[in-house]
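Structure assessment
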Amino acid sequence: MFVLSDKTLQTVGKMSVVVQKYGGSSVGDVDRIERVADRIVATRGSGKDVVVVVSAMGETTDELVALAAQITDSPPPREMDMLLSAGERVSMSLLAMALEVRGVPAISYTGSQAGILTDSSHGEARITRITGERVKASLEEGRVVIVAGFQGVDPQSREITTLGRGGSDTTAVALAVSLDADLCEINTDVEGVFTADPRVVPDAVKLPEIGYHEMLEFAAAGAGVLMPHSVEFAHRSGVPLHVRSSFGVAEGTWVTADAPSFTIAGLAHRVVDDQAVVVIVGAGSSSLVAHALAALDEAGIAAATIETTDLRVSISVPDQQVEDALRLIHRTLKPPIPSRVPA
Ligand code: ADP
Ligand code: ASP
Ligand code: MG
């Protein structure tokens, strides 16, 4: 007689779960919400349980920040979190309605209802645990579960918290980890992780895959496509991330443990408090930075190396020239440079 192992017994009857996150521009208006609903229907049709994490529609979060600023320069952090967490409630409920219209049972939950527990740091809370009982129960009832990104609750004070700007990525990955999901899809407004911000560098190239370690460097250096904490969560647990466009079906970028490494994966840039920085990411950055500095010098852009680590070199440039510097360094170094050139 054929006997199932314990592990097989546990897996039988358990559908595989996919977590899909849709960012602000992907749910920016009703048409886009409808398109997202169609994508979810298609994923569900392939036999997966789907948990969806949504951001607030379009620029909603910025608009809420601006509203508060009209009233006070120093809003109480608790009230700021009450205000900002409202944005995701709008998109999650509209998406649930769009799914119901398509005959797919769906339910939306706030972070608190989904059991996303955090510490008490308003505006930059860290997820400490996900209980997720209602999420699991609703999946078992055959529903698509939609969870508001970027928010949780401090179980001690019972106050609503938010995770910092871009925090829906972290909600999605943390949920994927807690549900032991097959993968976490980050659906956004670009086709994946590029060798530099494709809105600034037209010749940037999409990376088919990248390791957690390099992705974390990239995100921390300023590549806004993923929030750094989300990559940390994925790295610790090993859940694969697929960063892809919400508007097409092309393969995006896989972020995994076993992606090949790069001599140079790409460039990130950021401007913080008037300091503009271009960061070269990859284990070979320090050996190639001299080419970048020579090209900047030739173009009359004043630049200086301000930090060198095993995986990156950071170069400061005048803030008005940061985008020119980014394009020039990209043209000079031509990332991605794989770490081993085949013989
Ligand atoms: P979402 O609202 O979906 O979370 P974000 O605006 O947070 O989207 O992130 C996507 C944006 O990240 C892109 O529109 C792009 O301009 C920017 N970006 C910066 N660096 C990169 C990069 N290396 N690869 C892809 N996108 C990048
Ligand atoms: N809506 C939040 C923000 O704009 C969270 C997110 O989009 O990830 O930062
Ligand atoms: Mg984002």
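Residues numbered from 1 in each chain as written. Chains lettered and ligands numbered in written order. Predicted model: local features only at pLDDT ≥ 70, side-chain atom pairs only at ≥ 80, totals over all residues. Heavy atoms only, no water.

1. Focus: the side chain of Q151
- Within the secondary structure, Q151 is located in strand β7 (residues 151-154).
- Within polar-contact distance, the side chain of Q151 engages the backbone oxygen of S85 at 3.1 Å.
- Not counting residues within four places of it along the chain, the set of residues in contact with Q151 comprises S85, E88, T110, G111, I116, T161, T162, L163 and T171. (Helix = DSSP H or I, 4+ residues; strand = E, 2+ residues; numbered from the N terminus. Polar contact = N/O pair within 3.5 Å; in protein donor to acceptor, adjacent residues only side chain to side chain. Contact = heavy atoms within 4.5 Å.)

2. Observations concerning the site of ligand 2
- Around ligand 2, the neighbouring residues are S55, A56, T61, E88, F150, R165, G166, G167 and S168.
- The separation between an oxygen atom of ligand 2 and a polar side-chain atom of S55 is 3.1 Å.
- With respect to ligand 2, the side chain of R165 contributes an N or O atom lying 2.7 Å from an oxygen atom.
- Calculation on ligand 2 without its partners gives an accessible area of 260 Å², and the protein chains cover 86% of this total.
- A per-class count over the shell around ligand 2 returns two nonpolar, five polar and two charged. (Near = heavy atom within 4 Å. Areas by Shrake-Rupley, 256 points an atom, 1.4 Å probe, with all protein chains shown as cover. Nonpolar A, V, L, I, M, F, W, Y, C, P; charged D, E, K, R; others polar.)

3. Structural notes on the site of ligand 1
- Taken together, 16 residues lie around ligand 1, and K21, T188, D189, D197 and R199 are the ones closest in.
- Side-chain polar atom of T188 to an oxygen atom of ligand 1: 2.7 Å apart, as the coordinates give it.
- One of the side-chain N or O atoms of R199 is found 2.8 Å from an oxygen atom in ligand 1.
- Partitioning the shell around ligand 1 into residue classes produces seven nonpolar, five polar and four charged.

4. Points about unusual backbone geometry
- The amide bond that connects P335 to the next residue, P336, takes the cis arrangement and shows omega of 5 degrees.
- With a phi angle near 75 degrees, F150 is a residue other than glycine that sits in the positive phi range.
- Tracing the chain through its elements places F150 in the loop between β6 (144-148) and β7.
- Unusually for a residue other than glycine, K334 sits at a positive phi of about 50 degrees.
- Within the fold, K334 resides in the loop between α10 (322-333) and β18 (337-338).
- Take K334: its relative accessible area is 58%, and that puts it in the exposed class. (Buried < 20%, exposed > 50% of the residue type's maximum accessible area, 1.4 Å probe, protein only.)

5. What about the sheet that holds strand β15 (residues 275-281)?
- Pairing is antiparallel in the open sheet, where four strands are placed in the order β14-β15-β17-β16. Either end of the sheet is taken by a strand with one partner, and the two such strands are β14 (266-272) and β16 (304-308). Put simply, the sheet's adjacent strands are angled 25 degrees from each other on average, direction ignored.
- Pairing of β14 with β15 involves seven bridges; the strand directions are antiparallel. Counted as the bridge partner of V271 is A276 from β15.
- Set on the sheet, helix α7 (residues 212-221) makes contact with β14, β15 and β17 (312-317); between it and β14 the angle comes to about 30 degrees.
- Each of β15, β16 and β17 is contacted by helix α9 (residues 285-298), which is oriented at about 20 degrees to β17, the strand it contacts most. (Pairing = 2+ DSSP bridges. Axes fitted to C-alpha atoms, helices over the stretch in contact; angles between N-to-C directions.)

6. Section: the packing of helix α6 (residues 168-178) against helix α8 (residues 228-237)
- Direction vectors running N to C along α6 and α8 enclose 15 degrees, while the axes themselves pass 8 Å from each other. Here α8 runs roughly parallel to α6, going by the angle between their axes. Of the two elements, α6 crosses α8, and the hand of that crossing is left-handed. For the pair formed by α6 and α8, the contact residues are D169, T170, V173, A174 and V177 on the first element and H229, S230, F233, A234 and S237 on the second. (Parallel < 35°, antiparallel > 145°, perpendicular 65-115°, else oblique. Left-handed = near helix turned anticlockwise from the far one by under 90°.)

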